[in-house]
Amino acid sequence: MALTKVNTRMISNFAMLKDFGAVGDNTTDDTTAIQAALNSGVSTIDGEGKTYKVTTTLDLSSDTTFQNATLTFATTSDILLSATGTQATALSLTADSNQPTRTVTLSSANAATLAEGDMVFLTDTQDFAVGVPRTEINFVSAVSGTTVTLASKVFTDYTTANTATISKITPKENITLRNIRLVGIDDATTPANQTGLEFNKCLNVNLDNCRFEKFDTRLTRFVICAHVHVSGCYFSNSDRSGFGYGVAISDGTHYITITNSTFERMRHGVATGGDNGVNRFINVLGCTFNGMKDAMLDAHQETDFVNYSNNIGTHVTDNATDDGILISGGHSVVCNNVIDRPVRHGILVQGGIVNAAVDNDICHVISGNLIKDVDTDSGIVVTTSAAGRRPFRGVTISGNTITGSSSNGINVQASGADIKDVTITGNTISLGSGNAAIQLLSQAEGGTDASIRTATITGNTCSLTSDTPDACIELVSGSNGVEGVAITGNSLFNGTHGINCGSANKIVIVGNMIDSPGTADISSGSATNVTSASNG
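Note that the structure is a prediction, hence the values are computed from the model and not measured.

### Considering the overall build of the protein
Scanning the protein for helices and strands turns up three helices and 52 strands. Radius of gyration (C-alpha) of the protein: 27 Å, near the 24 Å computed for a compact globule of 536 residues. Taken over the C-alpha atoms alone, the protein extends approximately 95 × 55 × 35 Å along its principal axes. When each of the 536 residues of the protein is scored for burial, the buried share is 54%. As displayed, the protein has an accessible area near 18,900 Å², and 48% of this comes from carbon and sulfur atoms.

Here is the structure:
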């Protein structure tokens, strides 16, 4: 019997939706036909560029590429495309697994249920952030007796006292969407509670040149996923109150990279959160954000290791309490972004990890950003934010340009937890009004004092348009103080003083150019151990 074109395509692991009866006229309900195609085991499913009406959730299979189709969806309180793996029963650890180990100890019977290459989820009940347990995704490298060796060192401690467990995830994996467009309900007045695309417990996911439009809750979502790549995609119109995400990353997702994508008219372009796990290694690179109703990039407290670089955001906020980029968790790199006209802060980095969650203090690098026309508050704020948070050690703020009428250009605040080893260098700050161009502040929070220790402020150019109300560089010291600060080689214009030492201790001020202060070049205030030379 001669092979038909359809049979030939399927043998070659390529099929078209029409091979399963889909019409693609955006009137016929093609849900059943598309699901049959996705269930067929054919590795590449092609929609020929047609538009298909879908009325219930479609389930994606592993090892599938779905391409060249538009799907429209008018069903409320539902998800259009979904892929969900499974998670086995949690296995109790029989001994503590403390960083930086790569091993987990189980009973021999439980260890035997795991094998090399398995994706696993570790957790215990100790808080990583307030109300969020310590968790991570890892992979099994080897099993021997009661010992399970992991592919990488654990990120935190997992203890039997805190009911530490490990569970096997059987993910949906190796899924690619290419040139897919998903369209939800366009209704600005009645919430439809729609999500365009959701991956849950998935591995190796690729979204390439796709469009996601008019899903008011989330355009896309990733839950407990690993190794996700989003490239060249377009996200628009997601505005449900309290939601409205372009990409929502949640509940323990690891290793996600979003590049060269565009986000328009939503609450957050990329948001990372969820109360059930810690998200790690989040990269957002070279993306454009326009018309955000809140921060264009928002990393909640259950996030660690964030890289937001080379992005552009215009009109990023539209109310008085919102920021351009907001990071509330762990380690971060924020570099070479353009943030145009933020209302409150251009970049806000605040502590969210509880003190006992990790052994190492938190580091941040904020470099090369252009923050233009800040409205009400500060260009860059770095703050430990509350008592009981993990201290920061190693904060670099360099090469940024900040303009606007904000109250401060750069503000480093030790609030309830200490900050050590701060470098502020090579920044250009021009403020139309407000307070200090650069401020170091230590203060009590929740009844706990905090300090800033060891800081260098060097090579910055700071200009205020008037000689009031504050100094270009200002040290504000609470009871635990600001101590060990070198202020060198800065060019400072206007302000009440060029430099105000407040009540700080151990200050070296050398080689600064100070022009047109309202009163004196340098105010020592009640500071102690101040050394000053070659300024003027």
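### Focus on the nonpolar core
Counting residues in hydrophobic clusters, the biggest one holds 108 residues, and the most contacted among them are Phe66 and Phe199. Among residues more than four places away in sequence, those in contact with Phe66 are Leu17, Ile34, Leu38, Ile45, Leu60, Leu71, Thr176, Leu177, Arg178 and Ile180. Val104, Ala111, Leu122 and Val140 belong to the second-largest nonpolar core, a separate cluster that totals 15 residues.

### Regarding the layout of surface pockets
Each pocket or cavity is described by its volume, and for the largest pocket that value is around 240 Å³. If you go around the largest pocket, you meet 15 residues; those closest to its centre are Tyr245, Ser250, Gly273, Gly274 and His300. Those elements that provide at least two residues to the lining of the largest pocket are β18 (218–223), β21 (245–250) and β24 (268–273). Sorting elements by how many residues they give to the lining of the largest pocket places β21 first, with four residues.

### Points about the pairing of strand β41 (residues 428–431)
Residues Ile429 and Leu431 of β41 are buried on one face, while the alternating residues Thr428 and Ser430, pointing to the opposite face, are not. Note: β41 against strand β44 (residues 461–464), four bridges, orientation parallel. Among the inter-strand pairings, Ile429 is bridged to a residue of β44, identified as Cys462.

### Thoughts on helix α2 (residues 31–39)
When α2 is considered as a whole, its buried residues turn out to be Thr31, Ala33, Ile34, Gln35, Ala37 and Leu38. Looking at the buried positions of α2, the neighbouring elements they touch are β2 (25–29), β3 (44–54), β4 (58–59) and β5 (64–73). At the exit of α2 stands Gly41, carrying a positive phi of roughly 85°.

### Focus: the environment of His300
Looking at the element boundaries, His300 is found in the loop between β27 (297–299) and β28 (303–309). With a relative accessible area of 30%, His300 lands in the partly exposed category. What His300 contacts, discounting residues up to four positions off in sequence, is Thr272, Gly273, Ser328 and Gly329. Reaching out from His300, the side chain makes a polar contact with the side chain of Asp298 at a distance of 2.9 Å.

### Let's talk about the pairing of β3
Two elements, strand β1 (residues 14–16) and β3, share three bridges in a ladder whose sense is parallel. Bridging from a neighbouring strand, Phe14 pairs with Thr44 of β3. Here β2 runs beside β3; their pairing, made up of two bridges, is parallel. Residue pairing for β3: Asp29 is matched across the bridge by Lys53.

What counts and how
- Counting of residues starts from 1 at the beginning of each chain's written sequence and follows it residue by residue.
- Local features in this predicted model are restricted to residues whose pLDDT is 70 or higher, and side-chain atom pairs enter the listing and the counts only when it is 80 or higher, whereas totals over whole chains, interfaces and linings include all residues.
- Each side-chain value is worked out from all heavy atoms of the structure, with water and hydrogens disregarded.
- Put simply, DSSP H or I for four residues or longer makes a helix, DSSP E for two residues or longer makes a strand, and each gets a number counted from the N terminus.
- The size measure is the radius of gyration over C-alpha atoms, and the globule rule it meets is 2.2 Å times the number of residues to the 0.38 power.
- Buried, partly exposed and exposed residues are distinguished by accessible area as a fraction of the type maximum, computed with a 1.4 Å probe on protein chains only: under 20%, between the cut-offs, and over 50%, respectively.
- Working definition of accessibility: Shrake-Rupley area with a 1.4 Å probe, residue cover restricted to the visible protein chains.
- In this text, buried Ala, Val, Leu, Ile, Met, Phe, Trp, Tyr and Cys residues form a nonpolar core when linked through side-chain atoms within 4.5 Å.
- Only heavy atoms enter the contact rule, under which two residues are in contact if any of them lie within 4.5 Å.
- Points on a 1 Å grid over protein atoms alone make up a cavity when a 1.4 Å probe fits among them but cannot get out, and a pocket when they form an open set with protein on both sides within 12 Å along at least five of seven lines; lining residues each have an atom within 4 Å of a point.
- Grid points are joined across faces, edges and corners, and a volume is the space filled by probe spheres set on the points.
- Pairs of strands are assigned from DSSP output, requiring at least two bridges between the strands.
- In protein, a polar contact requires one atom able to donate a hydrogen and another able to accept it; more generally it is a pair of N or O atoms within 3.5 Å, and residues adjacent in sequence count only if both atoms are side-chain atoms.

Keep in mind that these numbers describe shape and distance, not what the molecule does.
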